[in-house]
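Here is how the chains run, residue by residue.
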4 protein chains.
Amino acid sequence: MNVLVWNEFRHEKENDVVADIYPEGIHGAIAEFLGEDHPTVKTATLDEEEHGLTDEVLNETDVLVWWGHKAHDEVSEEVAEKVKQRVLDGMGLVVLHSAHFSKPFKKLMGTSCDLKWREADDKERIWVVDPTHPITEGLGEYIDIEKEEMYGEHFDIPAPDELLFVSWFEGGEVFRSGATFRRGRGKIFYFRPGHETYPTYYHKEVQKVIKNGVKWAVNNETPTPIYGNAQPLETITKK
Amino acid sequence: MNVLVWNEFRHEKENDVVADIYPEGIHGAIAEFLGEDHPTVKTATLDEEEHGLTDEVLNETDVLVWWGHKAHDEVSEEVAEKVKQRVLDGMGLVVLHSAHFSKPFKKLMGTSCDLKWREADDKERIWVVDPTHPITEGLGEYIDIEKEEMYGEHFDIPAPDELLFVSWFEGGEVFRSGATFRRGRGKIFYFRPGHETYPTYYHKEVQKVIKNGVKWAVNNETPTPIYGNAQPLETITKK
Amino acid sequence: MNVLVWNEFRHEKENDVVADIYPEGIHGAIAEFLGEDHPTVKTATLDEEEHGLTDEVLNETDVLVWWGHKAHDEVSEEVAEKVKQRVLDGMGLVVLHSAHFSKPFKKLMGTSCDLKWREADDKERIWVVDPTHPITEGLGEYIDIEKEEMYGEHFDIPAPDELLFVSWFEGGEVFRSGATFRRGRGKIFYFRPGHETYPTYYHKEVQKVIKNGVKWAVNNETPTPIYGNAQPLETITKK
Amino acid sequence: MNVLVWNEFRHEKENDVVADIYPEGIHGAIAEFLGEDHPTVKTATLDEEEHGLTDEVLNETDVLVWWGHKAHDEVSEEVAEKVKQRVLDGMGLVVLHSAHFSKPFKKLMGTSCDLKWREADDKERIWVVDPTHPITEGLGEYIDIEKEEMYGEHFDIPAPDELLFVSWFEGGEVFRSGATFRRGRGKIFYFRPGHETYPTYYHKEVQKVIKNGVKWAVNNETPTPIYGNAQPLETITKK
């Protein structure tokens, strides 16, 4: 199983606070803990050739984890379309935090994916609202994060196929923080936390959720539909 | 309440069979029966300036009904984006038959919207699977259509918010024929029947469903979310 | 359209605080504002013969509003089953606050309907998360309630067909406060606020939601399914 | 992982046709192929003490497979309630064919679970409508069954959390043949085929679906919610 962590990798180069928290980049931190489950976690970043997402790389990726924030527009239309198409063809996609505004996620959702936000050290408490889902395995009833960026409703996404988490924020907002979507043959998991100026991706329960999400998003052997003109399977009476 | 019926309006000009069935165009036939409920049903077609979908027209439209088939690609990107945006802003959209492949619907769904198809005079029986929904008002348990084009699963759409109808086809296929989706502030209803070479839009129960769909899709006074940076509603403790 | 408001009507008789807030009973307060929309709002209470829910009353009721709290167990199994059956047959049901534990709701949900709770004057903020839904018409982005009982997740209900509201509570919890369910031919709306010691049912936006919920829950003319042994509609080949 | 196959086990004793097809009982046939995946598949039947479903047996069961038909009423209320409660507590439940009318399933659904039916050697074709779901792994686009009992819409269940399969029947009906539901901490999978007079449970693809369903329904380590009175997690301002 091949996992690829994609990161914009700009904040880490331009902001000392972020660089101090994530010296190997956000992708490095995520790849490290995912590496506990998967021997071959790779990474790719915006400034690589084709953003590190060549056809070959995409075709061999089973689950893609995506983090982006300030440079969504620099992702080329062509690569964004390819990522979308690979998801429809069966690649799993785990969309983190500010990647709600990434091109692949917006193309797959069909909505603005807009929301309220605030950088004010809100306390966040992420409540589990679906205690049957494998993405919640190993968790307690909620995850506390001491300080995070706030994201608030209305979150302009389609009604999720499954709503797993709802966040409470100190400043008075709520947010649908964990949600799954199926598109084509692909499974998508959006998970809210992870602003670049906080050490959120070192939080053990946040890591657990992302690990679970990667496992859930794999899709190896489900049917491949055939589209287009089709001969009848039964006799059609001439009328 | 302003209803607008949009039609590609090409088959009717190029194919005598279609012209005979729909001498006023498919849009004309649909506008006529919708006119029984709404005094001001307007129409627009592909070959008009801006496809008849100027900002002014779109902004005053409450529900847009869309039929297209062979010229989806001739709808400009700009107009398709505007239609999508108006739906997200609250305009209802009723998507008929081959408009499953129309640009606005594909953009709003985020999937290929592909399916199986066959033109072979299949009998179609459209079963109601949600007998609570206002779009099914006035119907019996199913609608029989003597001859129609077949559409078969897999239909590559997101799982609908509500699945209302499932079709049985003589040749051995099934299809999710009536489905609703909410995107942004807009309500979308997809309804399958209506191949251009059959008189489907004169079928009283098909008309009833489309009438119901138009009524359901209106959205006048629901909240308008505010997005972007937000001040806290409660005091955030300095930590 | 016949609306019936059912109330346990015990707190009002036993607790002066409640009696002061609702001198005509909670049912009286609800019936009064619903009466602004519907000329014939009736009421029924637990201590009436058959709890005021005779076959005749139930059969002519289009939408039943239910409030109960401390005497759920005194509702007879027979009446609870009849209410459930009428919902399956098409009667709308609006379930308020502590009626999450009422017999009809639990029977219709199939789950424990359990939750966290606290009576501690929490501030509640009810956020709209589905700005397409007619039950949200006329509202802003959220409803503020100065003091209310807290209900917290996990709320043990099936995943709602539509999630409309999510509450934020001062004490750190969230709750799926407004949710719809379809069961049989019936439409059900659960709405959280309304603890008996607070004047919540005088809150104009709370009233608006309940009014909208009653309108939404009516189901007059959708198909009535036929169940049981069925003759084939097409010829079955002898094999 | 402990799998338990429960069977009414009456047809096999009373009808030679059924006995010839399933000499070890329907439970025996199902346990045999499930045994290819799980070393410890056990069985239980109606006429055993407590229907073979003692507290000890239920508590150690991870996934329960249920087949019943003519003797649903002989399942005691007490045992039916215990099964329901174990599902809410996290036991998986795979409900086969005529068990749509079993007490545990009806209690968990809250609806009549009624449907149309016919024993007339209909051909059935089960189409995959969700090609992302692990329960569809290893299948093609559809499963053909030469002869089966017909089940037709309307199927009176809540809208499924996930709709996986839709059946086409030769006689003109359709049916939502594979559907999942979450209730409490439990995962439920309903799968349609398996009338006792046909050798359906020897069909390799039917077996594959049931095997996949059992794997999917396990729920080991998700959070266990705490219900009831709860202390605040944040300070509540005295007002």
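Looking at an unreviewed UniProt entry, chain A carries the name Trehalose utilization protein ThuA, with the source organism given as Halobacillus salinus.

Counted under the stated rule, the structure contains 92 salt bridges over all chains. One salt bridge connects arginine 125 of chain A with glutamate 234 of chain D, and the closest N-O pair in it is separated by 2.7 Å. On the criterion of chain membership, the pair formed by arginine 125 of chain A in strand E5 (residues 116-128) and glutamate 234 of chain D in the segment after strand E10 (228-229) is interchain, its members lying in two chains. Of the two residues, arginine 125 of chain A and glutamate 234 of chain D, both sit in the buried class. For arginine 10 of chain C, the salt bridge identified is with aspartate 47 of chain C, shortest N-O distance 2.7 Å. On the criterion of sequence distance, the pair formed by arginine 10 of chain C in the loop between strand E1 (3-7) and helix H1 (11-14) and aspartate 47 of chain C in the loop between strand E2 (41-45) and helix H4 (55-60) is long-range, its members being 37 residues apart. Here the salt bridges share partners, and the residues they tie into one network are Arg10, Lys13, Asp47 and Glu74 of chain A.

Looking now at the side chain of aspartate 122 of chain D. When you line up the elements, aspartate 122 of chain D lands in strand E5 (residues 116-128). Within the structure, aspartate 122 of chain D has its side chain in polar contact with the side chain of arginine 118 of chain D (distance 2.9 Å).

Attention shifts here to unusual backbone geometry. Between glutamate 153 of chain C and histidine 154 of chain C the backbone carries a cis peptide bond, its omega angle lying at 10 degrees. As for its placement among the helices and strands, histidine 154 of chain C is situated in the loop between strand E6 (142-152) and strand E7 (162-169). One non-glycine residue, aspartate 121 of chain A, adopts positive backbone phi at about 60 degrees. Relative to the helices and strands, aspartate 121 of chain A resides in strand E5.

What follows concerns the UniProt feature "domain: ThuA-like" (unreviewed entry) in chain A. Here the UniProt feature "domain: ThuA-like" (unreviewed entry) sits at residues 2-217 of chain A. From the first C-alpha to the last, residues 2-217 of chain A spans 12 Å; its make-up is 27% helix and 31% strand.

Right, let's talk about the interface of chain C and chain D for a bit. Between chain C and chain D, the residue contacts involve 46 residues of the former and 46 residues of the latter. Interface area for chain C against chain D, summed over the two sides, is near 3500 Å², with a carbon-plus-sulfur share of 52%. The interface formed by chain C and chain D holds 0 salt bridges in total. At the boundary of chain C and chain D, one finds 24 residue pairs in polar contact (both at pLDDT 80 or more). Within the residue set of the side of chain C that touches chain D, elements represented by two or more residues are helix H5 (77-88), helix H6 (103-109), strand E5 (116-128), E6, strand E8 (174-183) and strand E10 (228-229) of chain C. Per-element tally for the side of chain C that touches chain D: the top contributor is E5 of chain C, with 7 residues. Here the side of chain C that touches chain D is built from residues that sort into 16 nonpolar, 12 polar and 18 charged.

Taken together, the 19 residues of chain A in the interface contact 19 residues of chain C. Looking at the side of chain A facing chain C, the largest losses of area belong to Trp127, Trp168 and Val174 of chain A, adding up to 33% of the total buried there. Where chain A meets chain C, there are 2 salt bridges. The shortest N-O distance in the salt bridge between lysine 116 of chain C and glutamate 141 of chain A comes to 2.6 Å. Applying the counting rule to chain A against chain C returns 9 residue pairs in polar contact (both at pLDDT 80 or more). When contributions to the side of chain A that touches chain C are tallied by element, the ones reaching two or more residues are E5, strand E7 (162-169) and strand E8 (174-183) of chain A. A per-element tally of the side of chain A that touches chain C places E7 of chain A first, with 5 residues. Of the residues in the side of chain A that touches chain C, the class split is 9 nonpolar, 3 polar and 7 charged.

Before going further, it helps to spend a moment on the relation of the copies chain C and chain D. Once chain C has been moved 0.0 Å along the axis and rotated by 180 degrees, it coincides with chain D to within an RMSD of 0.0 Å. On the angle and the small slide along the axis, the relation comes out as a two-fold axis. Taking C-alpha positions as reference, the residue of chain C nearest the rotation axis is glycine 110 of chain C, located at 2.6 Å. Comparing interface residues between copies, 100% of those in chain C also sit at the interface in chain D, which points to an isologous, same-surface contact.

All right, on to helix H5 (residues 77-88) of chain A then. Residues and elements named next belong to chain A. Given a rise of 1.5 Å per residue, 12 residues ought to cover 16 Å, and the 16 Å separating the end C-alpha atoms of H5 matches this to within 8%. Contacts made by the buried residues of H5 are with helix H4 (55-60), strand E3 (63-67), strand E4 (92-96), helix H6 (103-109), E8 and strand E9 (186-191). Count one or two residues on from H5 and you reach glycine 90, which has phi positive near 130 degrees.

Turning next to the environment of asparagine 219 of chain D. By the element assignment, asparagine 219 of chain D lies in the loop between helix H7 (204-217) and E10. Separated by 32 residues in sequence, asparagine 219 of chain D and lysine 187 of chain D place their C-alpha atoms 7.5 Å apart. With near-sequence residues (within four places) excluded, asparagine 219 of chain D lies in contact with Pro131 and Thr132 of chain A together with Gly90, Arg185 and Lys187 of chain D. In terms of polar contacts, asparagine 219 of chain D uses its side chain to reach the side chain of threonine 222 of chain D, at 2.9 Å.

What counts as what
- Residues numbered from 1 in each chain as written.
- Chains lettered and ligands numbered in written order.
- Predicted model: local features only at pLDDT ≥ 70, side-chain atom pairs only at ≥ 80, totals over all residues.
- Heavy atoms only, no water.
- Salt bridge = Lys/Arg side-chain N within 4 Å of Asp/Glu carboxyl O.
- Helix = DSSP H or I, 4+ residues; strand = E, 2+ residues; numbered from the N terminus.
- Buried < 20%, exposed > 50% of the residue type's maximum accessible area, 1.4 Å probe, protein only.
- Polar contact = N/O pair within 3.5 Å; in protein donor to acceptor, adjacent residues only side chain to side chain.
- UniProt positions renumbered as here; feature names shortened; annotations may be inferred.
- Contact = heavy atoms within 4.5 Å.
- Buried area = accessible area lost by both parts, 1.4 Å probe.
- Nonpolar A, V, L, I, M, F, W, Y, C, P; charged D, E, K, R; others polar.
- Least-squares fit on C-alpha atoms with pLDDT ≥ 70 in both.
- Expected span 1.5 Å × (residues − 1).

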